[in-house]
Every structure is written in structure tokens, then in C-alpha cells.
Amino acid sequence: MTRYGLEWLSQNSYEGQKQQLVQPRILWSANTYKEANVPSISYSNFLETNEGLQDFLKNFLLYGIAFVDDVPATREDTERAARRIRKQSMAKCGTSHLTSPGETQPTQNRPLTGTQIPPTSRNLVGTGGRTLLVDGFHAAEQVRQRHLKDFDLLSTVPLKHEYIENVGSSHNHMVGIGPVLNVYPWNKELYMIRYNNYDRAVINTVPHDLVHRWYSAHRILTNELRRPENELWVKLKPGKVLFVDNWRVLHGRESFTGYRQLCGCYLTRDDVLNIARLLGLKA
């Protein structure tokens, strides 16, 4: 004989799940994020204490971004910060040198990426070079509230995203198929946004009678993402590491003049959520 409490049964019923979020979060514009005054976590607390790691993960889960301060500006220490989240089979962080200007719109790098540590500045001599962050879930929720039919279209019509790379020893051909907005079917909670024009493949998965409507809906979402009030600009300095939930937050980098050395890498989303659950967080 197995006994279940009424509270447990209520929470785990279908109706109970419809009322719950799988992943609680705080949607933000630039001003709301600044007003929240979300604290960064010191490198020592992040590495050495579960409390520091838990505080970091709370920020990451709620806002889709989190900062670690006072990290020695080396590739090895950036990798050490990444290994704090994923301790096994962690790919090493890569380093790149950028000297020429190149302005970008806020995008996500790959349709199948989980968590990203964007390049961290080691040396910066010159002007510009700020990082742009936009909460894709906030923009999508604005579309849902104002243009429900367009939101439904963006969350049901599948698209193919494709990335082909043949440079030196790097050979990749990655494909992801799914709608721009991904929602859980039982509670309509948004859990991923795929927004990257550079990786979008030929639109051959959309019926002919929907193509025009899809483009119109995509333009509405694009306008929300590019509203100036949604753009959070951050100047990364040596010692500050930024973690980005690449299923939620879009990012880009402002054009700059001068020289800087960058270090960044990708983490598997399952590892981040695994650590969060082990520390008692809802993820």
C-alpha cells in the first residue's frame, strides 16, 4: 500500500502543473534590471563556497545572466570559473584577438547551445566594445500580450537552423529544427527562443500559405527585441566574467577601435541545471 498526501497529489495533478512554472524567472528591460541592483558574485565565494555558487545560480536562473567579479584575467582562470559549473569533460576556453571594428545586433549564437560565457576582456585599449544584452523572454511576452496570434504562430511553425564551418581544423555541420519560440504544451510557459538570422536555413518547413504571416510575426518580435528600452549595455572589464543563458538572453558586442584579448566558452545546459537542483533551487 502506498500513501500520498493531498498536497502532493494536488501539486502533481495536471491542473496543478498548469498553474506552476517549470523555471521561475524575472522578466526584465534595461531599467528593471538596473533597478533590481542584482549583485555580482566574487570569484573567491563562487569557487570556494556553496553559498556563493547558490547565489550566482539564483541570479542566473531568475534573470538569464550572472556576473562573477575579481577573476584573474587569464584563460586558465576563466576556464576554472567554467569548471565550477561543469566539473567533468569541460572543453577548454578559447582565446581570440580582435583589432577591427564590427557592430552586431543582439542574437543567439547557435540554436542548440545551452549556457555561454561570452568572450571576457583581458586588455582593452580604445573606445566602444560594450556588450549588449536583451531578455528574449521579456520581448516574447510583450508579443504574447499584444499580438497573441503572432505569438502562437512563432511558437508552432518549425524552422531549420544550420551552421556549417570548414575553417582550418574546425569542421562542423549542426542542424536544429524547431519554432522560434518554444513553449511547454501543458502550461504554455516559454522555455527557449531561437533567434539568429545568420543561422536560419532555407525556409522549406513552412507551408506556403503561412510564409507571409510568419514573416510579419517575426518582424513584430524583432521590433520588440530591438526597442532601446530593452537593451542593457555592459562594459566588460578585465576580471569580470559574464554567464549567459543562451536559451533566453540575446547578446551582441558594440563596434570598437583598438586592441583587446577575449576568452570565452560554452557550457552544457544540463550541467548548470543539475548543479542548481543539487543546491536546492527550482530548475
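In this text, all values refer to a predicted model and were calculated from it rather than measured experimentally.

Draft legend 1. Main features of the overall build of the chain. Counting its secondary structure elements, the chain contains 10 helices and 13 strands. The buried share of the chain, taken over its 283 residues, is 46%. Just so you have it, the chain exposes about 14,900 Å², and 50% of that area is on carbon and sulfur atoms.

Draft legend 2. Seen up close, the sheet that holds strand 5 (residues 131-135). One open sheet holds the three strands; their spatial order is 10-5-12, and the pairing between them is antiparallel. The open sheet terminates on both sides in strands that have one partner only, identified here as strand 10 (232-234) and strand 12 (249-253). Ignoring strand direction, the axes of neighbouring strands in this sheet form an average angle of 25°. Inspection of the sheet shows strand 5 paired to strand 12 by five bridges, in the antiparallel sense. If you follow leucine 132 over to strand 12, its bridge partner there is glycine 252.

Draft legend 3. The packing of aromatic side chains, seen in detail. Throughout the structure, instances matching the rule amount to 11 aromatic pairs. Through a chain of ring-to-ring contacts, three or more aromatic side chains come together here, namely Phe46, Phe56, Phe60 and Phe243. The ring of tryptophan 233 has arginine 130 lying over it, and the distance from NZ or CZ to the ring centre is 4.4 Å.

Draft legend 4. Here's a closer look at the nonpolar core. Core analysis: the biggest nonpolar cluster contains 25 residues, and Val180, Leu181, Ile193, Trp214, Leu221 and Leu225 have the highest contact counts within it. Mapped by element, the contributors of at least two residues to this core are strand 5, helix 7 (136-146), helix 8 (148-154), strand 8 (181-183), strand 9 (190-193) and helix 9 (208-225). Looking at which domains feed residues into this core, each of domain 1 (24-135 + 228-279) and domain 2 (136-226) supplies at least three. Those residues within four positions of leucine 225 in sequence are excluded, and the remaining contacts are Val134, Gly136, Ala139, Tyr195, Asn230 and Leu250.

Draft legend 5. Expanded view of the pattern of salt bridges. Evaluated as defined, the whole model comprises 10 salt bridges. A salt bridge links glutamate 189 to arginine 25; its shortest N-O distance comes to 3.4 Å. Taken together, the positions of glutamate 189 in the loop between strand 8 and strand 9 and arginine 25 in the loop between helix 2 (14-18) and helix 3 (30-36) put the pair 164 residues apart, joining distant regions of the chain. The closest approach of N and O atoms between aspartate 77 and arginine 80, which form a salt bridge, is 2.6 Å. Taken as a pair, aspartate 77 and arginine 80 lie in helix 6 (residues 75-83) at a separation of three residues, close to a single helical turn. In this structure aspartate 77 comes out as buried when scored by relative accessible area, which is 12%. Linked through salt bridges whose partners overlap, the residues forming this network are Arg146, Glu224 and Arg227.

About the thresholds
- Per-chain numbering applies: the sequence of each chain, read as written, is numbered from 1 onward.
- Given that the model is predicted, a residue must reach a pLDDT of at least 70 before its local features are reported, and side-chain atom pairs must reach 80 or more before they are shown or counted; all residues, however, enter totals for whole chains, interfaces and linings.
- With hydrogens and water excluded, all non-hydrogen atoms of the structure serve as input to the side-chain values.
- Strands are runs of DSSP state E lasting at least 2 residues, helices are runs of H or I lasting at least 4, and numbering of each runs from the N terminus.
- Partly exposed describes any residue whose relative accessible area lies between the buried limit of under 20% and the exposed limit of over 50%, with all areas from a 1.4 Å probe on protein chains only and scaled to the type maximum.
- Values of accessible area rely on a 1.4 Å probe in the Shrake-Rupley scheme; residue burial ignores everything except the protein chains shown.
- Here the rule is simple: two strands pair whenever DSSP picks up at least two bridges between them.
- Lines fitted to C-alpha atoms define the axes here, with helix axes fitted over just the stretch in contact, and angles between the N-to-C directions of these axes take values from 0 to 180 degrees.
- Any Phe, Tyr or Trp ring, taking Trp's six-membered ring, that has another such ring centre within 6.5 Å forms a pair; planes under 30 degrees apart are called stacked, those over 60 apart edge-to-face, and the others tilted.
- Only lysine NZ and arginine CZ atoms are considered, and such an atom sits over a ring when it is within 6 Å of the ring centre and within 35 degrees of the ring normal.
- Nonpolar core, defined: a set of buried Ala, Val, Leu, Ile, Met, Phe, Trp, Tyr and Cys residues in which side-chain atoms within 4.5 Å join the residues together.
- Delimitation of the domains relies on an automatic or database domain assignment.
- Any pair of residues with heavy atoms lying within 4.5 Å of one another is described as a contacting pair.
- The rule for a salt bridge is simple: a side-chain nitrogen of Lys or Arg has to be within 4 Å of a carboxyl oxygen of Asp or Glu.

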